[in-house]
Number of protein chains: 2
Amino acid sequence: MDDLAATNGTGSTSAANGTRGADGTQVEAPAAPPAAPPAESRGSRAQPKTDKSEQTRALILETAMRLFQERGYDKTTMRAIAAEAGVSVGNAYYYFSSKEFLIQGFYDRMTYEHAADARRRLAGTKDFTERLEIAVSSWLDCAAPYHEFAAQFFRTAADPNSALSPFSNESHPARATAVELFREVLTGSELAPKLDAELAELLPDLLWLNLMIVVLYWVFDRTPDTERTREYVRRSTPMVARIINLSRYRVFRPIVRDAKGLIQDFILPTIGKTAAK
Amino acid sequence: MDDLAATNGTGSTSAANGTRGADGTQVEAPAAPPAAPPAESRGSRAQPKTDKSEQTRALILETAMRLFQERGYDKTTMRAIAAEAGVSVGNAYYYFSSKEFLIQGFYDRMTYEHAADARRRLAGTKDFTERLEIAVSSWLDCAAPYHEFAAQFFRTAADPNSALSPFSNESHPARATAVELFREVLTGSELAPKLDAELAELLPDLLWLNLMIVVLYWVFDRTPDTERTREYVRRSTPMVARIINLSRYRVFRPIVRDAKGLIQDFILPTIGKTAAK
DNA sequence: CCATGCTTTTGAACGCGTTCGAAATAAGCG
DNA sequence: CGCTTATTTCGAACGCGTTCAAAAGCATGG
């Protein structure tokens with residue numbers, strides 16, 4: 001029960017540590033047009049002044065992420081992280097005000113890798129259903145190595161008191177990155193021009209919500225290689241696409257209008273979109 | 001911030017200790033047709049043998065629940081519970097294998113009170129939309145005193161590794177109680193006979209899922225008296241009812257059929273319904 | 001009456017996340 | 001260079017959930 005990472009089924013973006021510079025800052029982005037790097041600044045204690053301090057911070061984060069993957073979240077103690085990184089516990093807390101904030105960095109990176117991987121795989125595909133499935137499947141691939149550990153992350157995300165929750169934390173950079181990806185999923189398809197402009201404006205956020213549901217499913221999925229979740233995505237994606245498509249027809253107008261209002265007034269404001277009324 | 005219970009709208013089963021037999025088993029059920037009592041047996045360490053042991057167990061649970069309400073979950077330490085109950089920490093762990101299992105009892109009781117309160121308020125109402133809103137609003141009322149504390153519970157529920165999660169724990173008694181309530185919400189309305197039998201079979205679980213969404217919203221709601229959630233319920237309930245109603249019409253047949261399949265194959269099995277295929 | 005085997009109870013001890021005052025180091029300044 | 005101030009590093013210590021070996025109670029039966 002030591003080498004959990006071995007269950008990773010996907011060949012893509014396999015090296016977890018390789019694509020990272022010695023100073024810990026992102027140096028990859030081989031083919032990712034927009035999308036800013038994680039900018040792992042929030043959640044820290046104080047913005048680092050010197051170079052060396054930035055290095056220490058990065059070192060601690062790298063070490064933590066490596067140990068999380070190797071041993072899981074609970075079994076990775078702050079003392080172990082500090083020891084492995086060659087610093088004191090107090091020093092770790094100087095840069096990360098709690099163990100949870102280390103997850104933040106983890107999640108940010110994964111989201112960024114997901115966006116990059118998805119964009120790579122989306123190139124050339126025009127069909128909306130296919131594009132949506134690619135985007136979601138790409139997430140499953142990128143998240144696969146962290147499945148066990150992700151349960152802990154999800155637990156944290158479900159805590160409204162936590163600053164990490166993608167629901168409550170409005171300026172969560174990872175959320176913005178993911179929503180932007182889904183915007184591209186939509187605009188890059190031949191479905192986009194046919195849709196009501198107002199609805200099209202909401203869709204990226206809704207598709208992100210759809211991803212969150214998949215994530216929920218995935219977290220609870222215990223089948224090998226989360227095969228069941230993959231099946232669920234194969235099955236549910238065409239339905240999601242169909243519902244969106246049907247929204248254009250007359251009969252569905254009133255219900256779509258109501259749903260739009262409900263989402264605009266009650267859902268989006270809650271997840272960060274500040275009254276795009 | 002001491003008397004949270006004062007905001008509780010329902011006058012039902014007010015005394016925390018009163019309606020409990022000397023042997024600790026439930027003896028209330030003044031007017032609740034089906035619905036088994038919480039049966040706070042699971043999650044314990046070993047089934048108690050003697051009378052005195054059952055008393056000790058009940059005393060610890062009562063004390064814990066009282067302190068949770070008074071101080072919140074995190075600030076209520078196991079040592080404090082033990083001290084307040086007049087036992088040792090080790091003894092508390094003899095009856096409850098972890099602090100989480102104390103929540104179980106808490107949640108079970110709340111669910112039971114909700115079912116009772118909702119049934120009382122449902123009497124005489126036939127309109128499905130109204131009935132659904134009553135059931136959900138009743139939950140909000142019953143849960144109101146525990147809003148702050150509930151965040152912690154939700155966090156626990158979102159952990160797939162926890163035995164408490166209503167999602168992963170198939171035989172969660174609270175879930176069965178709640179689903180049964182929604183079955184009555186449906187069957188007691190004049191909408192029920194008009195629906196497709198197969199769909200009607202799924203609906204109680206789906207309405208419970210709908211409640212879970214409301215709970216999610218509620219947990220994150222920071223407005224006073226969770227007024228925003230109440231508004232959300234007022235707004236979303238008619239829409240849910242309308243969608244169910246529309247499912248009868250021809251145009252919606254194919255999409256409803258697909259959704260039904262998806263739910264049967266992927267959703268219900270995950271939340272405990274063992275392949276009602 | 002003691003011996004035996006069970007359930008119940010105890011509280012010291014462990015490992016954890018986290019805090020905090022103080023030491024070490026670096027940076028500005030006359 | 002010394003002095004002062006800010007930044008960074010340290011590690012002992014605190015309070016927590018949890019564990020465990022041992023003690024205490026308690027029934028049974030010889």
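Each remark here, short or long, concerns the structure printed above.
Since the model is a prediction, treat every value here as computed from it, not as a measurement.

> What is the right way to read the nonpolar core from this model?
With 146 residues, the main nonpolar core has Phe128(A), Phe182(A), Phe128(B) and Phe182(B) as its most contacted residues. Take this core: its biggest share by element is 14 residues, from helix 8 (residues 197-220) of chain B. Contact partners of Phe128(B), with chain neighbours within four places excluded, come to Val185(B), Leu186(B), Ser189(B), Glu190(B), Leu191(B), Leu207(B), Ala241(B) and Ile244(B). Counting seven residues, the second largest nonpolar core, distinct from the first, contains Ile255(A), Val256(A), Phe252(B) and Val256(B).

> Which parts of the structure should I look at to understand the pattern of salt bridges?
Where charged atoms from two side chains of opposite charge come close, those side chains can pair. Residues and elements named next belong to chain A. Considering all chains together, one arrives at 38 salt bridges over all chains under this definition. For Glu184, the salt bridge goes to Arg119, with nearest N and O atoms at 2.7 Å. Placement of the pair is Glu184 in helix 7 (residues 173-187) and Arg119 in helix 4 (residues 99-122), with a sequence separation of 65 residues. The pair Glu184 / Arg119 is uniform in exposure class, with both members buried. Three or more residues joined by partner-sharing salt bridges are found here, namely Asp117, Arg120, Arg121, Asp141 and Arg230.

> What exactly am I supposed to notice about the relation of the copies chain A and chain B here?
These two copies of the chain differ by a rotation about an axis and a displacement along the same axis. For the pair chain A and chain B, the superposition axis carries a translation of 0.0 Å, the fit reaches an RMSD of 0.1 Å, and the rotation angle comes to 180°. Here the symmetry operator amounts to a two-fold rotation axis. In terms of C-alpha distance to the rotation axis, chain A has Arg155(A) as its closest residue, with the C-alpha 2.8 Å off the axis. The residues that chain A uses at the interface reappear at the interface of chain B in 100% of cases, marking a shared surface.

> For this particular structure, what's the right way to read unusual backbone geometry?
Peptide bonds are mostly trans, and most non-glycine residues show a negative phi. For Asp225(A), which is not glycine, the phi dihedral falls at a positive 60°. Positioned with a positive phi, Thr226(B) is a non-glycine residue whose angle comes to about 45°. By the secondary structure assignment, Thr226(B) is in the loop between helix 8 and helix 9 (227-246). Taking the relative accessible area as the measure of exposure, Thr226(B) reaches 6% and is therefore buried.

> Please clarify how the interface of chain A and chain B should be interpreted in this entry.
By a widespread convention, an interface's size corresponds to the accessible area lost as its parts come together. In this assembly, 39 residues from chain A lie in contact with 39 residues from chain B. Summing the contributions of chain A and of chain B, the shared interface buries around 3600 Å²; its carbon and sulfur component is 64%. Broken down residue by residue, the surface that chain A buries against chain B is led by Arg155(A), Phe220(A) and Phe266(A), which jointly contribute 21%. Arg242(B) serves as the salt-bridge partner of Asp258(A), at 2.4 Å between the closest nitrogen and oxygen. Our enumeration of links across chain A and chain B arrives at 16 residue pairs in polar contact (both at pLDDT 80 or more). Residues that form the side of chain A that touches chain B fall into these classes: 22 nonpolar, seven polar and 10 charged.

Rules behind the numbers
- Residues numbered from 1 in each chain as written.
- Chains lettered and ligands numbered in written order.
- Predicted model: local features only at pLDDT ≥ 70, side-chain atom pairs only at ≥ 80, totals over all residues.
- Heavy atoms only, no water.
- Core = buried A, V, L, I, M, F, W, Y, C linked by side-chain atoms within 4.5 Å.
- Buried < 20%, exposed > 50% of the residue type's maximum accessible area, 1.4 Å probe, protein only.
- Helix = DSSP H or I, 4+ residues; strand = E, 2+ residues; numbered from the N terminus.
- Contact = heavy atoms within 4.5 Å.
- Salt bridge = Lys/Arg side-chain N within 4 Å of Asp/Glu carboxyl O.
- Least-squares fit on C-alpha atoms with pLDDT ≥ 70 in both.
- Buried area = accessible area lost by both parts, 1.4 Å probe.
- Polar contact = N/O pair within 3.5 Å; in protein donor to acceptor, adjacent residues only side chain to side chain.
- Nonpolar A, V, L, I, M, F, W, Y, C, P; charged D, E, K, R; others polar.

By themselves these figures say nothing about function.
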